[in-house]
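# Summary of the model geometry
Spelled out from the first residue to the last, the chains are:
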Amino acid sequence: MICDLHCHTKLSDGSLGIEDVIEQARRMNIDWLSITDHDTMSSFSRADIIGERNGVHILRGVELSAWDKVRSSKVHILCYAPSKPDRLEGLCLKCCEIRKTCSKEMIEKVMEKYPITLESILKNTTSSKSIFKQHIMRALIDYGYALEFYGDLDRQLFNPEVGSCYVEREYPDVNFVIDLIHTAKGVAVMAHPAQYDNIELLEELAKKGKIDGVEVGHYSADESYRKRLYEIAEKYGLIVTGGSDFHGLYNSVPTHLGSETTTKENLDRIIKLASKM
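So, a few notes on the structure that sits alongside this text.

Each value, and the rule that gives it
Per chain, residue numbering runs from 1 following the sequence as it is written. The predicted origin of the model limits local features to residues at a pLDDT of at least 70 and limits the giving and counting of side-chain atom pairs to 80 or more, whereas totals for whole chains, interfaces and linings rest on all residues. Side-chain figures throughout are based on the complete set of non-hydrogen atoms in the structure, without hydrogens or water. Secondary structure elements are taken from DSSP: a helix is a run of H or I of four residues or more, a strand is a run of E of two residues or more, and numbering for both begins at the N terminus. Radius of gyration means the value over C-alpha atoms here, while the globule rule gives 2.2 Å times the residue count to the 0.38 power. Exposure categories follow from relative accessible area, calculated using a 1.4 Å probe and restricted to protein chains: below 20% of the type maximum is buried, above 50% is exposed, and the middle band is partly exposed. Contact criterion: two residues are considered in contact whenever any of their non-hydrogen atoms come within 4.5 Å of each other. Accessibility throughout is a Shrake-Rupley quantity obtained with a 1.4 Å probe, and a residue counts as covered only by protein chains that appear here. Residues scored as positive are Lys and Arg, those scored as negative are Asp and Glu, and His as well as the terminal groups of each chain are ignored. One atom stands in for each charge, and that atom is NZ of Lys, CZ of Arg, CG of Asp or CD of Glu. Side-chain rings of Phe, Tyr and Trp (the six-membered ring for Trp) are treated as a pair once their centres are within 6.5 Å; stacked means planes under 30 degrees apart, edge-to-face means over 60, and tilted covers the remaining angles. In our convention, an over-ring charge means Lys NZ or Arg CZ found within 6 Å of a ring centre and within 35 degrees of that ring's normal. Side-chain atoms alone can form a polar contact between residues adjacent in sequence; in general such a contact is a pair of N or O atoms within 3.5 Å, and within protein one must be able to donate a hydrogen while the other accepts it. Being paired, for any two strands, means DSSP has found at least two bridges between them. Axes, fitted as lines to C-alpha atoms, cover a helix only where it is in contact. Angles between the N-to-C directions of the axes lie from 0 to 180 degrees. Here the term cavity refers to a set of points on a 1 Å grid, laid over the protein atoms alone, in which a 1.4 Å probe fits but cannot get out; the term pocket refers to an open set having protein on both sides within 12 Å along at least five of seven lines, with lining residues being those that place an atom within 4 Å of a point. Grid points are joined across faces, edges and corners, and a volume is the space filled by probe spheres set on the points. Nonpolar residues are Ala, Val, Leu, Ile, Met, Phe, Trp, Tyr, Cys and Pro. Charged residues are Asp, Glu, Lys and Arg, and all others, Gly as well, are polar. Note on terminology: a nonpolar core comprises buried Ala, Val, Leu, Ile, Met, Phe, Trp, Tyr and Cys residues joined through side-chain atoms within 4.5 Å. Here, the arc refers to the directions that run from the helix axis to the C-beta atoms.

Moving on, we come to the overall build of the protein. The number of helices and strands found in the protein is 11 helices and 8 strands. Computed over the C-alpha atoms, the radius of gyration of the protein is 18 Å, within 12% of the 19 Å expected from 2.2 N^0.38 for a compact globule of 277 residues. Considering only C-alpha atoms, the protein reaches an extent of 55 × 45 × 35 Å along its principal axes. Considering the protein as a whole, with its 277 residues, one finds that 55% of them fall into the buried category. Intrachain contacts of the protein at a sequence separation of at least 6 include 71% that bridge at least 24 residues. Summed over its atoms, the accessible surface of the protein is roughly 12,600 Å², and 48% of this surface lies on carbon and sulfur atoms. Here the protein contributes 35 positive and 42 negative side-chain charges, whose respective centroids are spaced 4 Å apart.

Glancing now at the packing of aromatic side chains. One pass over the full model with this rule turns up 2 aromatic pairs. Seen from their ring centres, F149 and Y250 are 5.2 Å apart, and the 80° between their planes marks the pair as edge-to-face. Of this pair, F149 sits in the loop between α5 (133–142) and α6 (152–158) while Y250 sits in the loop between β8 (239–242) and α11 (264–276); the two residues are 101 residues apart in sequence, bridging distant segments of the chain. We classify Y250 as buried; its relative accessible area is 2%. The ring of Y225 carries R228 above its face, with NZ or CZ at 5.4 Å from the centroid.

Looking at where E260 falls in the secondary structure, it is placed in the loop between β8 and α11. In this structure the side chain of E260 is engaged in a polar contact, spanning 2.7 Å, whose partner is the side chain of R226. Setting aside its immediate chain neighbours within four residues, E260 contacts C3, D4, G217, H218, Y219, R226, G242, G243 and S244.

Moving on: the sheet that holds strand β5 (residues 73–80). Taken in spatial order, the 5 strands make up an open sheet running β4-β5-β6-β7-β8, and their pairing is mixed. Bordering the open sheet on either side are β4 (61–68) and β8, each of which pairs with just one other strand. When the angles between neighbouring strand axes are averaged without regard to direction, this sheet yields 35°. Packed onto the sheet, helix α10 (residues 223–236) meets β7 (213–217) and β8 and runs at close to 155° relative to β7.

Summary: where empty space remains is shown by rolling a probe the size of a single water molecule over the atoms. Counted as a void, the largest pocket has a volume near 1,100 Å³. Around the largest pocket, the lining is made up of 40 residues, and of these K74, K133, P160, Q195 and Y196 lie nearest the centre. Of all the secondary-structure elements, those providing two or more residues to the lining of the largest pocket are β4, β5, α3 (89–113), α5, α6 and α8 (193–196). Classifying every residue of the lining of the largest pocket by side-chain character gives 15 nonpolar, 14 polar and 11 charged.

The tally for this structure, following the rule as stated, stands at 1 cavity of 30 Å³ or more. Within this model, the largest cavity holds a volume of roughly 30 Å³. Lining the largest cavity, in full, are S34, I35, S43, F44, A47, I58, L59, R60 and G61. Contributing elements (two or more residues each) for the lining of the largest cavity: β2 (32–35) and α2 (44–54). For the lining of the largest cavity, a count of residues per class yields 5 nonpolar, 3 polar and 1 charged.

All right, on to the nonpolar core then. Counting residues in hydrophobic clusters, the biggest one holds 39 residues, and the most contacted among them are L64, I77 and I211. Elements represented by at least two residues in this core include exactly β4, β5, α3, α7 (174–183), β6 (187–190), α9 (199–207), β7 and α10. Leaving out residues up to four positions away in the same chain, I77 has contacts with V62, E63, L64, V174, V177, I178, I181, A188, V189, M190, A191 and I211. Counting residues in hydrophobic clusters, the runner-up holds 20 residues, among them Y114, A139, F149 and F158.

Bringing helix α1 (residues 18–27) into the picture now. For α1, the complete set of buried residues consists of I18, V21, I22 and A25. Here the buried residues of α1 occupy an arc of 95° about the axis, which is enough to place them on one side. The inward-facing, buried residues of α1 contact β1 (3–7), β2, α2 and β3 (57–58). Backbone geometry just downstream of α1 places N29 in the positive-phi region, at approximately 60°.

Quick look at the environment of S15 now. Mapped onto the elements of the fold, S15 is located in the loop between β1 and α1. Under the relative-accessibility criterion, S15 is labelled buried at 14%. Taking the C-alpha atoms as reference points, S15 and I211, separated by 196 residues in sequence, lie 30 Å from one another. Here L249 takes part through its backbone nitrogen, which lies 2.8 Å from a polar atom of the side chain of S15.

Below is the structure:
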């Protein structure tokens, strides 16, 4: 059984629509797929219908933005199978507004440097609930200022450490986000800890019994990092997941649906835990 529990569509920062993603999952013989767009659950009903049509089981999911206040760092939490998703709507709206505020400031900074229009950016966001830096980069590529999304220009403009146009704000506290996921009767899994170096936070949350699982299978984690994550998961009995984090054209490295997967045992643990919430 092939289970990819992390991917994105045009509803956030993916380049393909829900139907294209699910049809590709069918072609890849993926049995279970979770569309985990950033801070939006808009895929839920449509994905269920298209998944059934294509013979792909859909595990409802959303990737929520959060903040580690102790280390002043971003962290992403995957929420799976929430039976009361309406309880997450306010959080999703708040996170989208934070992202829109940051994007507006970044766009203003970019437009001071490059003569592109707001319309050239917004045309790439017609389905998305937010504006992402990939949408800005796509406009810059369209007008010939770059040939790739993650090259020199991206670093100059949007690198968190040195980017001249990068803007970031704090998202809701990670403890609040996890508590809200559990209130929504969902399963909380930390996404790609290696990407934001969240391993200390992971262990703290695991010690408190707050987090349900960790995404070990992700392209950002090398073998030594995965080993550390497995050790934490085993020590605290965490669910272990994996997913391609597929964004299509907007991926930072080549990755396709099914390139990272979750075992049936861990999928069953998610479904069982969600049923007990």
